[in-house]
Amino acid sequence: MKPIRSLIPCCIVFLLAPLTWSQTAKERLPGFTSQSSTPEHEWEKKFQDAILPDNLRENNRRMSARPHHVGSPFDKDNADWILSKFKAWGFDAHIETFQVLFPTPKERVVELVEPTKLRAKLQEPPVPGDTTSSQTSEQLPTYNAYSIDGDVTAPLVYVNYGLREDYEQLDRLGISVKGAIVIARYGESWRGIKPKVAAEHGAIGCIIYSDPKDDGYFNGDEYPKGGWRPKDGVQRGSVMDTDYPGDPLTPGVGATADAKRLPISEAPTITKVPVLPISYADALPLLSALAGPVAPEKWRGALAITYHIGPGPAKVHLKVASNWDLKPVNDVIATMRGTEAPDRWVIRGNHFDAWVNGADDPISGMSAVLEEARTLGELHKQGWNPKRTIIYCAWDGEEPGLLGSTEWVETHGDDLQKHAVAYINSDSNGRGFFRAAGSHDLEKFINDVIRDLKDPEKDIPVWQRARLARIANAKNQEDRAEIRKRAELTIGALGDGSDYASFLDHAGISSLNIGYGGENDADAYHSIYDDFSWYTKFVDTDFSYGRLLAQTGGTTVMRLADADLIPFEYSGMAETISKYVTELEKILKDKQDEIKERNLELKEGVFNAISDPRKTSVPPPHETDPPYMNFAPLKNAVESFKHSADRYQAAFAKLQSDSAPALPPQVLDSLNTDLLKIQRTFLTERGLPERPWFKHQVYAPGAYTGYGAKPIAAVREYMDAKKWAEAEAQVPVVAKVLEDVAAAIGKAAGELEAVTGH
Ligand SMILES: [Zn+2]
């Protein structure tokens, strides 16, 4: 196979560019000189070949052998084991400990008190043959961390996913949740949004259940026959609010032993109402006991019942009480010092804490990260020396709220601002297609990395498979055309679904989140069934995608650590930010059209005429038309940004040609210093208007989406809330930031042009 495969590109290259074939653009890595590019390729190849699936399997078996949530004995045991491994591989490693608020269940009750009496089990039974599923004494009971304590009894209302638009629909049906307990299904939003929006609408309690349509039998056979969530399976998880991630008691500062702490009663990220997650087996009698209107079609799940909304006659008693203790989180930090620029840091991380055994989330990712570190240590012994310093981080406490990574970033903020080049994150990993999201200065870079890697199932480049999958899954012809036209695969924007959040959103460090997925015929997320037995039967059975993740992560780290010039790219980023601005305009236009149309229909009497008099139907409220907004400052700023980015790109391309003069070391050094600061320029001291912890003015999670990103959140969130004047006031603020970034890129372009000529 190999000789044939390498023949094809050679022929093409020869035909197109006979004079330069020995040093083609393909072989010359962006940011590398012709002298440094070849050895880099050779070391990378050596690295990729040395990644062993059997090591990944053993790493996974070891770390998922027992439950290991924050504060548990085996979580600490894993931290110590990871530390010993890093040290054995030649890293300078230590554990850094923080004291964080981490509630664990003391009392949990969900019971139907009317029309019949029935107490929910709230218990996941062990599965015969799956040995770790019976480690009951060490398992955290099913619960939602950071639910406030409470004891409430009230009529039940079904609220679909519990999003803001679901409550608008309830208003139309004349149903209020005031004084009620709501039951929402998992999905469509960060789980913490559900109790938050419920409380905003006056509910006094919230139950979240896993509908089989989302991750159960609707998709495939239940575990253990298949890999899907069984009837008693429950999704644990944090319901912390999204004002800021990390320890609720120490926003903005590291949760060191002597840190100043908020009283628990004043911590804003703890929920306002009690909340518990349940299985569909426990949810079925509750939902079956609801009457009232039949739920709209889109609200119906896959249970064999007619979904009613209520309220009542089902009445539910919900009681939650937690032990509100400070617990240690133990981050393991391992450093390999760079030889030429030791004070520039390339940081790589994955968390190791889990809700229970967590073979998938997060150990599938952590196993790969450890195998990367082992192999880099091996290369180091063979003579490979990274130019920049590499820091491998095994984060503790990600599950409750990105605790370990956030506290570390908050503690080392000043140093990170000075030294960090980029942060590369992964989390769970599975079979399938490459996925990446991140800051767009790394978009072209990560495309180049995956062009050099091969998919283990299809024997084609990872990049090619990802691209063809996107063509197949595109929504329409326009999107397909865009994918075909574009040289690079786009990467998504980051929200706050994993440990990258504080790096990018708070500290302005260029970041990527990478992984594989899309072919997992299984889902046991945050249950006792996410374990080694389940993972090796239904997910990455031979760890070939774990191997690929290690190859991807390690190659990314090596290239960022070794490149002569940090290979950031800004033209693609300018294009993406331009799209975000166009989206803002479209959101306004759509809202104007929608509200205008609805007001007209109200005037015409449409709603009164078509409503069924035998059913309750409330016309939507009359709303004032959204005013036109002035986006000109943003659009002008995007133009400046594009101009600087294109200038930089042109100079960078010249540098890549063989006739280009070499950059003198002092120019290279000052350019690299300038480049790593460009991402910081997106930060403002004041942060987002209502969430000051989030400093980045382009990337942020949505206050009502959580995991999902809301680019240019300062403007967009006010638009979502229909606060038009406030939204418009943010336009010049963000525009100023973009102008500053454009100037910083322009400065870097100027430095390059001074060497390469215009
Ligand atoms: Zn995770």
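Please refer to the structure higher up on the page.
Every value quoted in this text rests on a predicted model; they were computed, and no experiment measured them. (Residues numbered from 1 in each chain as written. Predicted model: local features only at pLDDT ≥ 70, side-chain atom pairs only at ≥ 80, totals over all residues. Heavy atoms only, no water.)

A look at the overall build of the protein chain
- The helix and strand inventory of the protein chain stands at 24 helices and 16 strands.
- Scaling as 2.2 N^0.38, a compact globule of 758 residues should have a C-alpha radius of gyration of about 27 Å, and the protein chain matches this with 27 Å.
- Once the C-alpha set of the protein chain is aligned to its principal axes, its extents read approximately 85 × 65 × 55 Å.
- Out of the 758 residues belonging to the protein chain, those deemed buried represent 58%. (Helix = DSSP H or I, 4+ residues; strand = E, 2+ residues; numbered from the N terminus. Rg over C-alpha atoms; globule rule 2.2 N^0.38 Å. Buried < 20%, exposed > 50% of the residue type's maximum accessible area, 1.4 Å probe, protein only.)

Focus: the side chain of Thr 250
- Inspection of the secondary structure puts Thr 250 in the loop between strand 8 (237-238) and strand 9 (275-278).
- Residue class for Thr 250 comes out buried when judged on its relative accessible area of 1%.
- Filtering out sequence-adjacent residues up to four positions away, Thr 250 remains in contact with Ala 255, Ala 259, Lys 260, Arg 261, Glu 407 and Glu 410. (Contact = heavy atoms within 4.5 Å.)

Here we look at the coordination of the zinc ion
- Here the zinc ion is held by His 351 (NE2), Asp 361 (OD), Asp 427 (OD) and Asp 427 (OD), and the distances to it run 2.0 to 2.6 Å.
- Between the four donor atoms coordinating the zinc ion, the angles at the centre fall across 53 to 144 degrees, so the site counts as irregular. (Donors = N, O, S within 2.8 Å, 3.2 Å for Na, K, Ca; no water. Tetrahedral: all angles 85-135°; square planar, octahedral: opposite > 155°, others 65-115°.)

Things to note about the pattern of salt bridges
- Taken as a whole, this structure holds 47 salt bridges when the rule is applied.
- Residue Arg 559 is joined to Asp 452 by a salt bridge in which the shortest nitrogen-to-oxygen separation is 2.7 Å. Residue Arg 559 is located in helix 18 (residues 544-562), and its partner Asp 452 is located in the loop between helix 13 (443-451) and helix 14 (462-473); the two are separated by 107 residues in the primary sequence.
- For Asp 674, the salt bridge goes to Lys 747, with nearest N and O atoms at 2.8 Å. On the criterion of sequence distance, the pair formed by Asp 674 in helix 22 (residues 665-678) and Lys 747 in helix 24 (residues 724-756) is long-range, its members being 73 residues apart.
- Asp 674 sits in the buried class, given a relative accessible area of 17%.
- The network of salt bridges with common partners includes Arg 431, Asp 455, Glu 457, Arg 465 and Glu 519. (Salt bridge = Lys/Arg side-chain N within 4 Å of Asp/Glu carboxyl O.)

Examining the nonpolar core
- Among the nonpolar cores identified, the biggest contains 210 residues, and Phe 86 and Phe 641 are the most heavily contacted of them.
- Among the elements that make up this core, the one with the highest residue count is helix 24 (13 residues).
- Setting aside anything within four residues of it in sequence, one finds Phe 641 in contact with Tyr 570, Met 573, Ala 574, Ile 577, Phe 682, Leu 738, Val 741, Ala 742 and Ile 745. (Core = buried A, V, L, I, M, F, W, Y, C linked by side-chain atoms within 4.5 Å.)

Focus: the environment of Val 409
- Among the secondary structure elements, Val 409 is positioned in helix 11 (residues 403-411).
- Judged by relative accessible area, which is 1%, Val 409 ranks as buried.
- For the pair Val 409 and Ala 501, spaced 92 residues apart in sequence, the C-alpha to C-alpha distance is 9.9 Å.
- If we ignore the near neighbours within four places in the chain, the residues touching Val 409 are Leu 416, Ser 502, Phe 503 and Ala 507.

Brief notes about helix 4 (residues 73-88)
- When the terminal C-alpha atoms of helix 4 are compared, their 23 Å separation across 16 residues agrees well with the 22 Å that a helix rising 1.5 Å per residue should span.
- For helix 4, the set of buried residues is Phe 74, Asp 75, Asn 78, Ala 79, Trp 81, Ile 82, Leu 83 and Phe 86.
- Buried residues along helix 4 sit against helix 3 (53-63), strand 1 (92-114), strand 10 (315-336), helix 9 (359-381) and strand 12 (388-395). (Expected span 1.5 Å × (residues − 1).)

A few points about unusual backbone geometry
- Going from Glu 114 to Pro 115, the amide bond is cis rather than trans, its omega being -5 degrees.
- One can find Pro 115 in the loop between strand 1 and strand 2 (118-119).
- With omega at 10 degrees, the peptide bond leading from Tyr 223 into Pro 224 counts as cis.
- For Pro 224, the location among the structural elements is in the loop between helix 7 (212-215) and strand 7 (227-228).
- With a phi angle near 60 degrees, Asn 160 is a residue other than glycine that sits in the positive phi range.

Observations concerning the environment of Leu 752
- When you line up the elements, Leu 752 lands in helix 24.
- Residues Leu 752 and Ala 651, spaced 101 residues apart in sequence, show a C-alpha to C-alpha distance of 6.0 Å.
- Dropping the residues within four chain positions of it, Leu 752 is found in contact with Leu 565, Tyr 648, Ala 651, Phe 652, Leu 655, Leu 663 and Leu 671.

Examining a negative patch on the surface
- A cluster of acidic side chains, namely Glu 165, Glu 168, Asp 171, Glu 188 and Asp 214, defines a negative patch on the protein surface.
- For the negative patch, the element with the highest residue contribution is helix 5 (residues 164-172), accounting for three residues.
- For Asp 171, a relative accessible area of 46% puts it in the partly exposed group. (Patch = residues over 30% accessible without salt bridge, like charges linked within 9 Å, V, L, I, M, F, W, Y side chains within 5 Å. Areas by Shrake-Rupley, 256 points an atom, 1.4 Å probe, with all protein chains shown as cover. Lys, Arg positive; Asp, Glu negative; His and termini not counted. Charge placed at Lys NZ, Arg CZ, Asp CG, Glu CD.)

Some details on the packing of helix 23 (residues 713-720) against helix 24
- Contact pair helix 23 / helix 24: the axes reach a minimum separation of 8 Å and the direction vectors enclose 170 degrees. Looking at the two axes, helix 23 sits roughly antiparallel to helix 24. Along the contact surface, helix 23 presents Ala 714, Val 715, Tyr 718 and Met 719, while helix 24 presents Trp 724, Glu 726, Ala 727, Gln 730, Val 731 and Val 734.
- Among the residues making up the contact of helix 23 with helix 24, the classes are represented as eight nonpolar, one polar and one charged. (Axes fitted to C-alpha atoms, helices over the stretch in contact; angles between N-to-C directions. Parallel < 35°, antiparallel > 145°, perpendicular 65-115°, else oblique. Nonpolar A, V, L, I, M, F, W, Y, C, P; charged D, E, K, R; others polar.)

Considerations on the pairing of strand 6 (residues 205-209)
- Here strand 6 lies mainly inside the structure; five of its five residues are buried.
- Taking every second residue as pointing to the same face, both faces of strand 6 are buried, with Gly 205, Ile 207 and Tyr 209 on one and Cys 206 and Ile 208 on the other.
- Pairing analysis gives five bridges linking strand 5 (residues 181-185) to strand 6, with the strands arranged parallel. Looking at strand 6, one finds that Arg 185 is bridged to Tyr 209. (Pairing = 2+ DSSP bridges.)

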